[in-house]
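As a plain string of letters, each chain reads:
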Amino acid sequence: GEEVAQTPKHLVRGEGQKAKLYCAPIKGHSYVFWYQQVLKNEFKFLISFQNENVFDETGMPKERFSAKCLPNSPCSLEIQATKLEDSAVYFCASSPGGDTQYFGPGTRLTVL
Amino acid sequence: DQQVKQNSPSLSVQEGRISILNCDYTNSMFDYFLWYKKYPAEGPTFLISISSIKDKNEDGRFTVFLNKSAKHLSLHIVPSQPGDSAVYFCAANWGTGNQFYFGTGTSLTVIP
């Protein structure tokens with residue numbers, strides 16, 4: 001598609017439950033990025049992919065967070081055993097060649 | 001450690017006048033810079049970019065200036081319109097496929 005699509009728009013989970021977020025990058029874009037916006041205006045990088053390969057995962061809290069980008073499927077970000085502090089808006093972005101990033105509308109995760 | 005800073009959380013400008021949004025960075029390796037516009041409950045929308053080989057890039061009403069020696073960039077919007085009211089983020093990175101580092105945003109209000 002011509003825009004980055006993210007689903008669901010909103011997700012509510014009880015503490016300790018699993019959360020899974022999806023991202024369909026713009027067709028033809030080789031790079032996918034995940035960012036977390038916790039406080040209103042701070043973007044924290046989580047992970048990036050070049051095609052289906054992890055490019056940079058230095059921002060991932062590895063004990064509970066995982067992500068995949070498989071061929072012919074939306075990319076996914078999964079949080080096992082969610083905590084209150086995981087409440088945030090999660091943005092996915094894609095890039096054709098690794099420079100300008102185009103963002104999706106975000107998924108708002110609320111952990112109760 | 002905030003590598004990209006936007007020191008003005010908010011700015012108000014009269015319609016038709018110039019809006020100037022500022023951004024400072026600390027990492028001299030940054031060689032590519034973006035400005036995004038963000039409305040509430042939406043993802044950031046790419047506005048304009050500049051690479052470190054240039055000191056100015058223009059696109060319609062939007063011009064970005066880069067001063068590498070001062071590690072400073074600015075976004076000029078002329079003339080400002082009420083529809084420009086949004087939060088503006090600057091972002092910077094280096095290399096291909098790397099994460100962007102974001103400032104904390106400046107909320108612009110254009111008064112009709």
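Above this text you will find the structure in question.
Heads up: these notes are all about the structure in this document. These numbers come from a predicted model, not from an experiment. (Residues numbered from 1 in each chain as written. Chains lettered and ligands numbered in written order. Predicted model: local features only at pLDDT ≥ 70, side-chain atom pairs only at ≥ 80, totals over all residues. Heavy atoms only, no water.)

1. Some points on the overall build of chain B
When helices and strands are tallied, chain B shows zero helices and eleven strands. In sequence order, chain B lays out its α and β elements as β-β-β-β-β-β-β-β-β-β-β. For a compact globule of 112 residues, the expected C-alpha radius of gyration is about 13 Å, and chain B comes in at 13 Å, within 12% of that figure. With the C-alpha coordinates of chain B rotated into their principal frame, the extents come out at 40 × 30 × 20 Å. In chain B, which comprises 112 residues, the share counted as buried stands at 46%. Contacts in chain B between residues at least 24 apart in sequence constitute 54% of all its contacts with a sequence separation of at least 6. A gap of 3 Å separates the mean positions of the 9 positive and 9 negative side-chain charges of chain B. (Helix = DSSP H or I, 4+ residues; strand = E, 2+ residues; numbered from the N terminus. Rg over C-alpha atoms; globule rule 2.2 N^0.38 Å. Buried < 20%, exposed > 50% of the residue type's maximum accessible area, 1.4 Å probe, protein only. Contact = heavy atoms within 4.5 Å. Lys, Arg positive; Asp, Glu negative; His and termini not counted. Charge placed at Lys NZ, Arg CZ, Asp CG, Glu CD.)

2. What about the interface of chain B and chain A?
In this complex, chain B contributes 21 residues to the contact, which on the side of chain A involves 23 residues. Where chain B abuts chain A, roughly 1600 Å² becomes buried across the two surfaces, and 59% of that area is made up of carbon and sulfur atoms. When residues of chain B are sorted by the area they lose upon contact with chain A, B:G97, B:Q99 and B:F102 head the list and together hold 29% of the total. At the boundary of chain B with chain A, the tally comes to zero salt bridges. Across the contact surface, chain B and chain A share four residue pairs in polar contact (both at pLDDT 80 or more). Among the elements of the structure, β4 (32-38) and β9 (86-93) of chain B are those that each provide at least two residues to the side of chain B that touches chain A. Looking at which element gives the most residues to the side of chain B that touches chain A, the answer is β4(B), with four residues. (Buried area = accessible area lost by both parts, 1.4 Å probe. Salt bridge = Lys/Arg side-chain N within 4 Å of Asp/Glu carboxyl O. Polar contact = N/O pair within 3.5 Å; in protein donor to acceptor, adjacent residues only side chain to side chain.)

3. Some points on a nonpolar patch on the surface
Residues and elements named next belong to chain B. Taken together, the side chains of I18, I20 and V78 define a hydrophobic patch exposed on the protein surface, amounting to about 220 Å² of accessible area. By the element assignment, I18 lies in the loop between β2 (10-14) and β3 (19-25). Overall, I18 belongs to the partly exposed group, its relative accessible area being 40%. (Patch = residues over 30% accessible without salt bridge, like charges linked within 9 Å, V, L, I, M, F, W, Y side chains within 5 Å. Areas by Shrake-Rupley, 256 points an atom, 1.4 Å probe, with all protein chains shown as cover.)

4. Thoughts on the sheet that holds β3(B)
Residues and elements named next belong to chain B. Here five strands make up an open sheet; going across it, the order is β1-β3-β8-β7-β6 and the pairing antiparallel. Pairing within the sheet leaves two strands with one partner each, and these edge strands are β1 (4-5) and β6 (56-59). Relative to strand β8 (residues 72-77), strand β7 (residues 62-67) runs antiparallel, the two being bridged by six bridges. Within β8, the position partnered with V64 by the bridge is L75. (Pairing = 2+ DSSP bridges.)

5. A few points about the pattern of salt bridges
Residues and elements named next belong to chain A. Under the defined criterion, the tally for this structure stands at five salt bridges over all chains. Between K18 and E78 there is a salt bridge, with its nearest N and O atoms 3.7 Å apart. Placement of K18 in the loop between β2 (10-13) and β3 (19-24) and of E78 in strand β8 (residues 75-79) is noted, with a sequence separation of 60 residues between them. Assessed through its relative accessible area of 46%, K18 is described here as partly exposed. For E78, a relative accessible area of 12% puts it in the buried group. What you see here is one network of salt bridges that share partners, running through K18, K20 and E78.

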